[in-house]
Amino acid sequence: MLKGIVTVSLKQDVLDPQGQAVLHSLQTLGFPEAQNVRIGKSIEVWLEESDSQKAESRLKEMCEALLVNSVIEDYSFEIVED
Amino acid sequence: MLKGIVTVSLKQDVLDPQGQAVLHSLQTLGFPEAQNVRIGKSIEVWLEESDSQKAESRLKEMCEALLVNSVIEDYSFEIVED
Amino acid sequence: MHTDEPTPDQIHCKKVYKQMGLNDDEYSLVVELLGRRPNLTETGIFGVMWSEHCSYKNSKLLLSRFPVDGPKVLQGPGEGAGVVDIGDGYAVVFKVESHNHPSAIEPYQGAATGVGGILRDIFSMGARPVAVLNSLRFGPLSDSEADKKIISRTRYLFGNVVAGIAGYGNCIGVPTVGGEVCFDECYTGNPLVNVMGVGILRHDQLQHGRAEGIGNSVIYVGLATGRDGIHGATFASEELNEESDAKRTAVQVGDPFMGKLLIEACLEVYESGAIYSVQDMGAAGLTCSSTEMADKGGVGMELNLNLVPQRAENMSAYEIMLSESQERMLFVTNPGREEEVFAIFKKWNVPAVAVGHVIEEQVLRLKHHGEKVAELPLNTVCGASPVYQRESKMPQEVVERQQQTAITWSVPENLQIVFQQLIQTPELASKSWVYQQYDCMVRTSTSVRPGSDAGVVRVEGTDKALAMSIDGNSRYVFLDPKTGGKIAVAEAARNVVCSGARPLAITDGLNFGNPEKPEIFWQLEQAVSGMAETCNFLKLPVTGGNVSLYNETEGEAIYPTPVVGVVGLIENNDHTTTQFFQNSGDVLLLLGDTKNELGGSSYQQMQLGKITGMPPKLDLDKEQTLQQTLLEIIHSGIVISAHDLSQGGLAVALLTSCTENYGILVNWEIDLRPDIALFSESQSRILLSISPDNTELVEVVMQKKGVPCARIGKVVSSGTSGSNCGGSTGCFDISLNGTPVIQAELNPLRELWKNAIGREMEISV
Amino acid sequence: MRCAVIVFPGSNCDYDLYKAANYIEGIQAEYVWYTSKSLDGFDAILVPGGFSYGDALRAGALAARAPILKALQRAADSGTRVLGICNGFQILTECGLLPGALHRNSGLRFICRTVNLEVSNTATPFTSGYVGRTSTHVRLEIAHGEGNYTCDSDTLHKLEDNGQIVFRYSGDNPNGSVANIAGITNEAGNVLGMMPHPERAMADWMGSSDGRILFESMRD
Ligand SMILES: Nc1ncnc2c1ncn2[C@@H]1O[C@H](COP(=O)(O)OP(=O)(O)O)[C@@H](O)[C@H]1O
Ligand SMILES: [Mg+2]
C-alpha cells in the first residue's frame, strides 16, 4: 500500500496565533534561540493503489477537493511505501 | 538560520476521530481508494543557530518540553537550511 | 486463547491477579466461588468488577446510610442515574461521575471522556441531556515557594482539563451551566475532575438496563473497540505513583461527534419501542455492561467476541472485554425488531451489530475464534465481591488541629488591601476565565448562566425550570469531616433555593484517599454520616453518586472532598432569581447570624498559608427554616436578588452580587472584629436585595420565623453622586458601625476580581 | 414564509434555530436532512451552528462538501435568502458562497459570552428591521473557537466598498477578526454569514431579544 503525507501550512501572510503562543512559551522555557514558530497539519492518507504516479495525482485531487483550504493554506506532499 | 520541521502524529493505538471523519468524507467524495487517514501536526521552528547538530539536540529538548504530548503522541523531525 | 497469555496455574503461582487489582484473599474467594482457577480473561473480569469503582466494596456499608427514597423518586441508585419526578409527566435524571486519575495523566482527554461518560449515563436512562456541570480541584496556580515545574504542570492540568470539558461539551451540544473550581496544595499531584450530567425525560421514555427474553439479540452500538483504557476501572481504584506513567495505555480518547450522533440515534431508537433494555459501556466496558444487564434481568448472556467491532488488530478476549473505548452502548432488542434498530443507527451513521443473545443459564459465556474463552456464573461476578468494614480511627493530628485557635493575627491595618488580595486569589476570583470557554446557551433553554448561585434551565413545554449546582468545601471536611459533610449538602441546597427552586434530590461525588488507612476511612465515615444526617433532615434523597478512593500521590492523600450536586425545581419561571443587584435604591438585607468563625476560611488560608481550628457550625433547624422562608418570599415575588454567603464571607458576596451598573453603600452595625465581620464564613446566611417598599414586609416575615435579618445598606447605581466614592465607575463602600473599612471604586475592583485567573494563567513562570 | 433548517451530522443549534424561526409569526421552519438533493419551495435557508462532522479538519469543511450543498448553491444563486450562523458561517465560507475564511480565535480559546455589535449595513434583507432603532448597537451571544475572520486586503476592500460587512464587534474584538468583522453578505446581498447567534436572543429571559429583529427582517 502507498501512503501520502500531506503537509498543510498557513499561508505566509496569514497570522498564526497558535504558533506565536508556542514561540512565546518556548522562549520562556529557556529556548531563546527559537525565532519563529508556525503550526500546520500533517495528514497521512493510506491509499489502495500501487502506481505511485497515479497516487500522486489522486492525492492532489483530494487536497484540492477537501484537505486544503486554498484561501488561507498552502500544501506540499510526498508519497511513500507503507 | 536553520529550521526544524517537527511532525507530530498520534500514537498508533490512539483513536483519531478527526481522521476517521475525513476518511469517510473522502470516500463519499469519490475517493474509494483512501483506506485510512490520520491527522497530526507539522510544526516549523526557526532557530538562531548555525550548528545543525546542536540544533538537533535543542529541537529534541523542545519536543520533549512542550511541542509533543508524549502520553498520546509520537514525533519525528528534520533540520533544514532556511 | 492467545498463546502468550499466562495459564490459570501461572496466574495463581505468579500472582498475576495482583496486576488486575485482586488481592490474595479476593483471588482465593474467586477460586472458591468458581471451583477452579480462572483464566486470564476471567481474572480480568473479576478484577474490574470487584474494583471499588464497580463494586463499592469499601464504601457500600457507609453509602447505605443515605436516604434513597422519596415520594418523587422514580429511580434511586443502581441504574445509570437517578430519576426524579418533576410533574406534568416529566422527570429529571442526574448524576455525578469522577474522572480524576485519567485527568492527572492526560488532562484534556481525561476531562473530555469524563463528560462523555456522564452524558451516556444520562441518555442511557432514556433522557435527553440538557445540562452539564463540573467540579474541579487543582494545586495552587502560583506560590512563592513551589518550584516552577510544579506550577507549570498545574497550569497545564488546569488549562487542559477546562479545554477538555469545553471541547467535548460544546461539540456534543449540551450546555455547561455551572460548576466550581478550587485550588489547594493537596491537589497538586492528584487533581479532581467531577462532572455532573442532567437530563429530562417523559415518564414513558424511561429506559432500564435489565436484559430479559431468552434469545433476544444483544446489540453493540458505537465506536469500534480499541486497546484504550484497558483496566481503567482498576486504575481509578489505585494510588497514583511513578508506575502510573507506565500505565499510559489507559488513555482513552473521546469522540464528541460520535457522542452527538449516539444521543440522537438512541433517542430515536427508544421512541421506536424496538429495544428492551440499554446500558452504556462506561468503566469496565463490555464486561460491566453485559454482566450487569444479565444479572439484573436474572438471565445470562452469550457473546461472540469475533463480532465485536475492533479498531486494533489481533485483540485478545481479555483486551476486548476490558477495553474502555469511548462512545459505546449495549442494547437488548425486542424479538424480531433488530432490523428497525439497525436502520435507525444506519441513518445516523452509527455502527451497530448483533454480538450475542440472552440465554437462560445465568452465566456470562464468551466465545472467541470458535472456542469458549470464559464462562462465569453471574452471581460470582456481580454482587459477590467482598464488602469491607474498614478500620476507622480519628487521627491525633485532627484533634490537635481542631484545638488550635483559628485566629492568631491582629486586625490588619488596611482591610481594603486585604480584601483586594483576597478577591484575586484564584479560589475567590471570578471563574469567568473557565466558564466562558463553555457553551452555556446551546439548546436555548438556559435562563441563568454560570456566574450566579445556580444554573437554571427551563423545562420546555411547561412553565417550570430546573436549578442546579455542584459544591463542596474540602477545607471544612478536612478540619471536621462530619460538619464538613453537613455543610456540603446544606450549601448545595441553599444555592438552588436562592435561585427560587425547591431542592429535589442530590447526587454526590466522594473523593477520598486510601480507605485501607484507618484515618482516611474515618474521614469517609464521618463525612458520609454528616451528609446523610443533613439529607435526612432536609428530606433530600440521594439518587446516585460516585466514589473515587485512593486519591493520593506518594502516600499523601488529598483533603477529603465530597462534592454535592443538587437539582431543584422552579415551579414557575417567574420565580427564577439570581444573585445580581438590579435597581438602585434597593435595600440590602442580610439573613442569618454572623459569628467569629474563621476556621477553614479563605481568609484564614490567605493569612496563615494553612487552615486550623473548627469549621463554621451548622444548625440544621436554622438552615431549614432559612431555606423554607426564603423560598416563600421568593414565591411571593418580592425578592430582587438572593445570594448564598460562602467562601470569603459577606464582603465577597457583596462584590459578586454587584454588576457593572450597580454597586453598594453599606453600613453594618455588628459586634465583631471588622475583619471577622467581613470574612467570616458562618453558615445559613443569605444576602437579599429588596425594593424599599417591600423591605418591612420581609423583615416582619423573618421576625415571625425567627430568622435574623439585618438592614445593612443599599444598592447604588454607577454614576450616583453623593456616596463617598461615587464616580462613573460606581462605588463599593462598606462601613462597619459607622467606620469606613472599604471605600473603593466599583469597576476597577471588579476588574481585579474578574481577570485574576486569566492574569495568573498568562504570566509565565 | 417557508424556511429550511439544514441538519448536518453534528449540527447542534439546528433545534434552536428551528424554535427561533417558528417563534416568529409568519415563518414556518422545517428541518432538511443533509443528504437531501433539493431545497425547492423554500423562501429562506438557515444553516445552523454547532460542530458539523465534529469540526474535523477545519470547521465547516466537511459539511461544505455534503450532498445538500449543490442544492444550497443553486438556491443562493437564484436569490433565495441564506443565513449561516456560527458553524453555518464557516460552512458558507468553506463552500465559497462567502469570501474569506474563519480561523482559530486569536486568544486560542473557545469563547462564550455576550458581545456588543454594530449593525453596519441596515439595507440588507436581514437587517432592515434595525433601522429606526434609537441605536444600531445590538447585544448577541457568541460561542465559538474559530471565529477569527480572515481575508486578503483586496477582498476586504471589496467587502467595505460594497457594504457587505453587516455586523462588526463594537468595543472589544473577541477573536481577532479583521476589521472587527462579525458578519458579512455575499455581493448580491442574499447570503449572510455571522458568528453571533441571533437565535439565542429571542426574548428577555435569554438576556436579549435583539436577535428577533433579524428573523423579522428576513420575513418582511
Ligand atoms: N468549573 C466551572 N464551570 C462552570 N461554571 C463555574 C465553574 N466554576 C465556577 N463556576 C460558576 O461561577 C460562579 C461562582 O462559583 P463559586 O466561586 O463556586 O461561587 P459560590 O461560592 O457562590 O458557589 C457560579 O455561577 C458557578 O456556577
Ligand atoms: Mg461554589
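The following paragraphs examine the structure supplied in this document. For clarity, every value in this text was computed on a predicted model and none was experimentally measured.

**Things to note about the interface of chain A and chain D**
Facing the 16 residues of chain A at the interface are 14 residues of chain D. For D:Arg58, the salt bridge goes to A:Glu73, with nearest N and O atoms at 3.7 Å. Put simply, chain A and chain D have 6 residue pairs in polar contact (both at pLDDT 80 or more) between them. Going through the elements one at a time, α1 (17–28), β2 (34–47) and α2 (52–67) of chain A are the ones with two or more residues in the side of chain A that touches chain D. Residue composition of the side of chain A that touches chain D, grouped by class: 12 nonpolar, 2 polar and 2 charged.

**Looking at the sheet that holds strand β8 (residues 275–280) of chain C**
Residue and element names in this part refer to chain C. Taking strand neighbours across the sheet as the criterion, the 7 strands line up as β8-β10-β7-β11-β9-β12-β13 in an open arrangement whose pairing is mixed. Bordering the open sheet on either side are β8 and β13 (371–377), each of which pairs with just one other strand. This sheet shows a mean twist of 25 degrees between the axes of neighbouring strands, independent of strand direction. In terms of strand pairing, strand β9 (residues 300–304) meets strand β11 (residues 352–359) through 4 bridges, oriented antiparallel. Looking at β11, one finds that Met 301 is bridged to Val 358. On top of the sheet, helix α3 (residues 40–49) reaches β12 (363–368) and β13; it is set at about 35 degrees to β13, its chief contact. Here helix α11 (residues 285–297) sits on the sheet in contact with β8, β9, β10 (328–333) and β12, set at roughly 140 degrees to β8.

**Overview of the interface of chain A and chain B**
Contact with chain A, which involves 31 residues of that partner, is made by 31 residues of chain B. Summed over both sides, the interface of chain A with chain B buries roughly 2700 Å², with 67% coming from carbon and sulfur. Considering only the side of chain A, the residues that lose the most area to chain B are A:Phe31, A:Glu33 and A:Trp46, jointly responsible for 21% of the buried surface there. Summed over the shared surface of chain A and chain B, the result is 2 salt bridges. Across the pair B:Glu33 and A:Arg58 runs a salt bridge, and its minimum N-O distance is 2.4 Å. Counting every contact that joins chain A to chain B gives 14 residue pairs in polar contact (both at pLDDT 80 or more). Looking at the side of chain A that touches chain B, the elements with two or more residues in it are α1, β2 and α2 of chain A.

**Points about the relation of the copies chain A and chain B**
When chain A is fitted onto chain B, the two copies agree to an RMSD of 0.2 Å after a turn of 180 degrees and an axial shift of 0.0 Å. The superposition operator between the copies reduces to a two-fold rotation axis. Of the C-alpha atoms belonging to chain A, the one lying closest to the rotation axis is found on A:Lys41, 2.2 Å away. Counting the interface residues of chain A, we find that 100% of their copies in chain B are interface residues as well, pointing to one common contact surface.

What counts and how
- Residues numbered from 1 in each chain as written.
- Chains lettered and ligands numbered in written order.
- Predicted model: local features only at pLDDT ≥ 70, side-chain atom pairs only at ≥ 80, totals over all residues.
- Heavy atoms only, no water.
- Contact = heavy atoms within 4.5 Å.
- Salt bridge = Lys/Arg side-chain N within 4 Å of Asp/Glu carboxyl O.
- Polar contact = N/O pair within 3.5 Å; in protein donor to acceptor, adjacent residues only side chain to side chain.
- Helix = DSSP H or I, 4+ residues; strand = E, 2+ residues; numbered from the N terminus.
- Nonpolar A, V, L, I, M, F, W, Y, C, P; charged D, E, K, R; others polar.
- Pairing = 2+ DSSP bridges.
- Axes fitted to C-alpha atoms, helices over the stretch in contact; angles between N-to-C directions.
- Buried area = accessible area lost by both parts, 1.4 Å probe.
- Least-squares fit on C-alpha atoms with pLDDT ≥ 70 in both.

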